[in-house]
Amino acid sequence: MEPRGTKRGAGKVEGAEPRNKPPRPAPSLPTEPALYSGPFPFYRRPSQLGCFSLDAQRQYHGDAQALRYYSPPAAGQGPNFDLREGYPDRYQPRDEEVREGLDHLLRWLLEHRGGLEGGPGWLAGAIVTWRGHLTKLLTTPYERQEGWQLAASRFQGTLYLSEVETPAARAQRLARPPLLRELMYMGYKFEQYMCADKPGGSPDPSGEVNTNVAFCSVLRSRLGSHPLLFSGEVDCTDPQAPSPQPPTCYVELKTSKEMHSPGQWRSFYRHKLLKWWAQSFLLGVPNVVAGFRNPEGFVCSLKTFPTMQMFEHVRNDRDGWNPSVCMNFCAAFLSFAQNTVVQDDPRLVHLFSWEPGGPVTVSVHRDTPHVFLPTWYVEAMTQELPSPPQDTVP
Ligand code: GDP
């Protein structure tokens, strides 16, 4: 699936056109679902390359210290979780003004670039990004509310993609209504009720909810011809999972409103389940466990949604979503980006912008404020890899 106008080099936006030729239209990528139906593209089973953790102060650690363990209520004991308990006194939300970009993932990559599987040169052909950015690409053909902007730079062959907060998203965040702030807390509070710090341990809901803390898995996959290296935040691992191998032992935790009518379920399948599917499918998380909250903010029921069965809920729905459309669009966008960002230059940024109802468009920028590959990363990557000690001939 490759719409016209996306051949390598078509992304040249500045510079004089040859004489006697009509000016080339600026390249863009359409997003209508009908253009991306067709067989499901190849998607390599994601394999975990490593992980890292961010602590309560948002400091990086190259280990799994922030990983938590799935610990649902014992069988026969229904949940009765007060999601509003502790708000706002025991809430330490992450500072959303801090623009981290890809920084934590780049730190992991810098420390592990010498030992990456796939052989020398694998990274040069890969796309590096957050899982959350790929989730937004997957859901784009069906999204009717929120646009996005993705900044792209090529460096040593690798294409890096980093989201930029749109002005509309920033305005919405700054004007976030108090009830929505509390709703965000409730999602994290649910995780606290469902997770223990040690395998086989019990959850401790008396502590603080600190959203600086994160466990991130780093994975390798491939979509069509695009090798991928991406990282995503993982809620917990299930010590009793059928296989202990990540990412198949991971569990995603979500909350949603209790539903009472078939219409409410249908809308849930059409909208929320699409986002849950995209996020968990990309990373290879097999199950999403949902806690349904009542109007008083209590979770009184849980339901497990196997990721690979989510599509069944909309397969026969004319207004449903289709995983092939999501993945084919994502593959088409990655081809579009690879063909547009031709120059290898960490200070050159192609900004891909999309608003619902329109195509993806591109603009070109140099240096601040758009550059997102930090100097420490570019300089360290430019040094020779520290080589292992050589056998010396006496
Ligand atoms: P997700 O799939 O949207 O949850 O995003 P990822 O799993 O790809 O997470 C990428 C990184 O962004 C991690 O360090 C997360 O802690 C962080 N992150 C996740 N959601 C948000 C958010 O809403 N705002 C900000 N600033 N960071 C976030």
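Conventions adopted
- Residues numbered from 1 in each chain as written.
- Predicted model: local features only at pLDDT ≥ 70, side-chain atom pairs only at ≥ 80, totals over all residues.
- Heavy atoms only, no water.
- UniProt positions renumbered as here; feature names shortened; annotations may be inferred.
- Near = heavy atom within 4 Å.
- Polar contact = N/O pair within 3.5 Å; in protein donor to acceptor, adjacent residues only side chain to side chain.
- Areas by Shrake-Rupley, 256 points an atom, 1.4 Å probe, with all protein chains shown as cover.
- Helix = DSSP H or I, 4+ residues; strand = E, 2+ residues; numbered from the N terminus.
- Phe/Tyr/Trp six-rings, centres within 6.5 Å; stacked < 30°, edge-to-face > 60°.
- Buried < 20%, exposed > 50% of the residue type's maximum accessible area, 1.4 Å probe, protein only.
- Lys NZ or Arg CZ within 6 Å of the ring centre and 35° of its normal.
- Salt bridge = Lys/Arg side-chain N within 4 Å of Asp/Glu carboxyl O.
- Axes fitted to C-alpha atoms, helices over the stretch in contact; angles between N-to-C directions.
- Parallel < 35°, antiparallel > 145°, perpendicular 65-115°, else oblique.
- Left-handed = near helix turned anticlockwise from the far one by under 90°.
- Contact = heavy atoms within 4.5 Å.
- Nonpolar A, V, L, I, M, F, W, Y, C, P; charged D, E, K, R; others polar.

In the nomenclature of an unreviewed UniProt entry, the chain corresponds to Decapping nuclease from the organism Myotis myotis. You can read under Function (unreviewed entry) in the UniProt record for the chain the words "Decapping enzyme for NAD-capped RNAs: specifically hydrolyzes the nicotinamide adenine dinucleotide (NAD) cap from a subset of RNAs by removing the entire NAD moiety from the 5'-end of an NAD-capped RNA." Listed under Sequence similarities (unreviewed entry) in UniProt, the entry text for the chain is "Belongs to the DXO/Dom3Z family."

Q: Lay out the site of the ligand in plain terms, naming residues and giving numbers.
A: Taken together, R58, R94, W130, R131, G132, S231, G232, E233 and Q279 make up all the residues around the ligand. Contacts to the ligand include R131, whose side-chain N or O atom sits 2.8 Å from an oxygen atom. The contact in question runs from an oxygen atom of the ligand to an N or O atom on the side chain of Q279, over 3.1 Å. Protein contact buries 69% of the 550 Å² of open area that the ligand shows by itself. For the shell around the ligand, the secondary structure elements donating two or more residues are α2 (131–139) and β13 (226–233).

Q: How would you sum up the packing of aromatic side chains? Please name residues and give values.
A: Applying the stated rule across the entire model yields 30 aromatic pairs. On the numbers, 5.9 Å between centres and 80° between planes, the contact of Y160 with Y377 is edge-to-face. Residue Y160 is located in strand β9 (residues 158–164), and its partner Y377 is located in helix α7 (residues 375–382); the two are separated by 217 residues in the primary sequence. For Y160, a relative accessible area of 0% gives the class buried. Exposure remark for Y377: the relative accessible area of 0% places this residue in the buried category. Taken together, the ring pairs connect F40, Y43, W277, F281, F311 and W321 into an aromatic cluster. Positioned above the aromatic ring of Y193 is the side chain of K189, whose terminal nitrogen or guanidinium carbon lies 5.4 Å from the ring centre.

Q: So what's going on with the pattern of salt bridges? Residues and values would help.
A: The full count for this structure, using the stated rule, is 22 salt bridges. Here E163 makes a salt bridge to K136, at a shortest N to O gap of 2.7 Å. Taken together, the residues span a long stretch of sequence, with E163 in strand β9 and K136 in helix α2 at a distance of 27 residues. The partly exposed category is assigned to K136, whose relative accessible area is 36%. A salt bridge links R266 to D317; its shortest N-O distance comes to 3.2 Å. Residue R266 is found in helix α5 (residues 262–283), and its partner D317 is found in the loop between β17 (298–306) and α6 (323–340); the two are separated by 51 residues along the sequence. For R266, a relative accessible area of 31% corresponds to the partly exposed category. A network of salt bridges, in which partner residues are shared, links E97, R99, E165, R170 and R173.

Q: I'd like a description of the packing of α2 against α5, backed by residues and values.
A: Two elements in contact, α2 and α5, have axes whose closest approach is 9 Å; the angle formed by their N-to-C orientations is 130°. Relative to α5, α2 is oriented oblique. Both α2 and α5 take part in a crossing whose hand is right-handed. Residue-level contacts link R131, L134, T135, L138 and T139 of α2 to L274, K275, W277, A278, Q279, L282 and L283 of α5. For the contact of α2 with α5, the per-class residue count stands at 7 nonpolar, 3 polar and 2 charged.

Q: I'd like a rundown of unusual backbone geometry, residues and numbers included.
A: A cis amide bond links Y87 to the next residue, P88, at an omega of 0°. Considering the arrangement of structural elements, one finds P88 in the loop between β5 (81–82) and β6 (91–92). At the junction of T368 and P369, the peptide bond is cis and its omega measures out at 5° in the coordinates. Among the structural elements, P369 can be located in the loop between β19 (360–366) and α7. Notably, Q156 is not glycine yet its phi reads approximately 50°, a positive angle. On the basis of relative accessible area, Q156 is assigned to the partly exposed category, the value being 36%. Despite not being glycine, D367 shows a phi value in the positive range, around 60°.

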